[in-house]
Amino acid sequence: MTGDAPPFVHPAGLCESTHVGSGTRVWAFAHILPGARIGRDCNVCDHVFIENDVVVGDAVTIKCGVQLWDGLRVGDNVFIGPNATFTNDLHPRSKQYPETFAETVIGDGASIGANATILPGIRIGRGAMVGAGAVVTRDVPAHATVVGNPARVIKQVEARPDSDRMVRGETLGQAIGSRLDLPVKGCFVERLPHFVDPRGSLVPLEAGKGVPFTPQRLFLVNDVPGNSIRGEHAHRACEQFLIAAHGALAVSIDDGATRAEIRLDDPTIGLYLAPMTWGTQYDFTPDGVLLVAASHTYDADDYIRDYDLFISEVGR
């Protein structure tokens, strides 16, 4: 066993691995195979089975009735609820085995609710929350809360206990140019110029009069299925301005220390994203159309698509 002191193994538990960290507790009827690697200060509850090619980080809680199969990688401070189900083969057949099993990754600080099912090859982002009974069929963004079958994002896990409200258009004044600074560094929402008469509504977009930069690129995002997620990246230099041209959607923004959620459901509301802001769009209505103005032309090198890399660069 590794660490300063051997872990505790209940007399009715079976721990065949020699790579178990100090302070870890293995309870009755749990079975850990020889190749598994378990970190420090974990709690492995009754009737847990852990296969050989499994890596579990420090301070992980694995509740009763959970099986961790080959290919699973669990980060630090993860909670896995009772009877959560992991899978590692998309096309299982009796007595037929793939050359390698799909790798599933659970990021640091994530929580998996009771009876949730995680498909093979899924990546659960750090700090994410998977609701009880959810069926996760695609990657879950960092700090997102997902529920349902198939699982969809319903909100972001808040960075601060006092920031649990989604910003909506009605929180702004009606005056053109009224602005609400967001807790995420450099970001804000603003009431755009707009004109209404019996013929309809007009929302002009001009650099310096609503859009706080001279756009070099415009694009539309539409026909997004309700459970799909867009964005999930940051830009090193590019600024962005987001408007719900039609329908509605939710936007999560993150500067590495603070997060906020904004509901765009009014074409007279614009959301400014400063460089080095991690942005995610989700919960599109069926008629939702997102208009994005960007300060730079497309440059693949300006994108940061890995959240851990984003956190690293923000830290520098």
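For clarity, every value in this text was computed on a predicted model and none was experimentally measured.

1. Considerations on the overall build of the protein
Argument step 1. Looking only at helices and strands, the protein has 1 helix and 36 strands in total.
Argument step 2. Dimensions along the principal axes, computed over C-alpha positions, put the protein at roughly 80 × 40 × 35 Å.
Argument step 3. Expressed as a percentage of the 316 residues in the protein, the buried residues total 47%.
Argument step 4. For the protein, the share of sequence-separated contacts (at least 6 apart) that also reach a separation of at least 24 residues comes to 45%.
Argument step 5. Put simply, the protein shows about 15100 Å² of open surface, and 51% of that area lies on carbon and sulfur atoms.
Argument step 6. Mean positive and mean negative side-chain charge positions of the protein (27 and 38 charges, respectively) differ by 2 Å.

2. A few points about the nonpolar core
Argument step 1. Within the largest apolar cluster, 42 residues are counted, with the highest numbers of intra-cluster contacts made by Ile-50, Leu-68, Phe-86, Ile-112 and Ile-124.
Argument step 2. The set of elements that each furnish at least two residues to this core consists of β11 (72–74) and β20 (144–147).
Argument step 3. Apart from residues lying up to four places away in sequence, Ile-124 is in contact with Val-105, Ile-106, Gly-107, Ala-110, Ile-112, Val-130, Val-136 and Val-140.
Argument step 4. Formed by 32 residues, the second largest nonpolar core is a distinct cluster that contains Leu-242, Leu-249, Val-251 and Ala-260.

3. Section: the sheet that holds strand β12 (residues 79–80)
Argument step 1. Strand order across the open sheet formed by 9 strands is β1-β3-β6-β9-β12-β15-β18-β20-β21, with mixed pairing between neighbours. Strands at the two margins of the open sheet, each flanked by one partner only, are β1 (8–9) and β21 (152–156).
Argument step 2. Bridge analysis of β20 against β21 gives 4 bridges, and the strand direction is antiparallel. Bridge pairing in β21 places Val-146 opposite Val-153.

4. Notes on the side chain of Ser-295
Argument step 1. Following the sequence through the fold, Ser-295 ends up in the loop between β35 (289–294) and β36 (303–304).
Argument step 2. Within the local environment of Ser-295, its side chain forms a polar contact with the backbone nitrogen of Glu-239, the two atoms lying 2.8 Å apart.
Argument step 3. Here His-296 takes part through its side chain, which lies 2.7 Å from a polar atom of the side chain of Ser-295.
Argument step 4. Here Ser-295 is in contact with Phe-213, Thr-214, Gln-216, Ala-237, Cys-238 and Glu-239, once residues within four sequence places are set aside.

5. Considerations on the state of the cysteines
Argument step 1. All chains considered together, the criterion is met by 0 disulfides.
Argument step 2. Cys-42 takes part in no disulfide bond, and the closest cysteine sulfur to it belongs to Cys-45, at a distance of 11 Å.
Argument step 3. Cys-42 sits in the buried class, given a relative accessible area of 1%.
Argument step 4. We note that Cys-45 lacks a disulfide partner, and the nearest cysteine sulfur, in Cys-64, lies 4.8 Å from it.

6. What to know about the packing of aromatic side chains
Argument step 1. One pass over the full model with this rule turns up 8 aromatic pairs.
Argument step 2. Judged by centre distance (6.4 Å) and plane angle (50°), the ring pair of Phe-213 and Tyr-272 falls under tilted. With a gap of 59 residues between them, Phe-213 in the loop between β27 (210–211) and β28 (217–222) and Tyr-272 in strand β33 (residues 269–273) connect regions that are remote in the sequence.
Argument step 3. Its relative accessible area of 8% is what places Phe-213 among the buried residues.
Argument step 4. On the numbers, 5.5 Å between centres and 50° between planes, the contact of Tyr-298 with Tyr-303 is tilted.
Argument step 5. Here Tyr-303 falls in the buried class, since its relative accessible area comes to 13%.

Here is what the cut-offs are and how they apply
- Residue numbers run consecutively from 1 along every chain, following the written order of its sequence.
- In keeping with the predicted nature of the model, local features appear solely for residues at pLDDT of at least 70, side-chain atom pairs appear and are counted solely at 80 or more, and the whole-chain, interface and lining totals rest on all residues.
- Excluding hydrogens and water, the side-chain values take into account all heavy atoms of the structure.
- Here a strand is any run of E in DSSP of at least two residues, a helix any run of H or I of at least four, and the numbering for each starts at the N terminus.
- Three labels apply to residues, based on accessible area from a 1.4 Å probe with only protein chains included: buried if under 20% of the type maximum, exposed if over 50%, partly exposed otherwise in between.
- Every residue pair with non-hydrogen atoms within 4.5 Å of one another is taken to be in contact.
- Accessible areas in this description were obtained via Shrake-Rupley with a 1.4 Å probe; residue shielding takes into account the shown protein chains only.
- Two residue types count as positive, namely Lys and Arg, and two as negative, namely Asp and Glu; His and chain ends fall outside the count.
- Note that the charge is assigned to NZ on lysines, CZ on arginines, CG on aspartates and CD on glutamates.
- What we call a nonpolar core is a set of buried Ala, Val, Leu, Ile, Met, Phe, Trp, Tyr and Cys residues that are connected through their side-chain atoms within 4.5 Å.
- Pairing between strands is defined by DSSP: at least two bridges between the two strands are required.
- Any pair of N or O atoms that falls within 3.5 Å is considered a polar contact. Within protein, one atom must be able to donate a hydrogen and the other to accept it, and sequence-neighbouring residues count only if both atoms are side-chain atoms.
- What counts as a disulfide here is a pair of cysteine sulfur atoms lying within 2.5 Å.
- Working definition: rings of Phe, Tyr and Trp (its six-membered ring) pair if their centres are within 6.5 Å, and the pair is stacked with planes under 30 degrees apart, edge-to-face with planes over 60 apart, and tilted otherwise.

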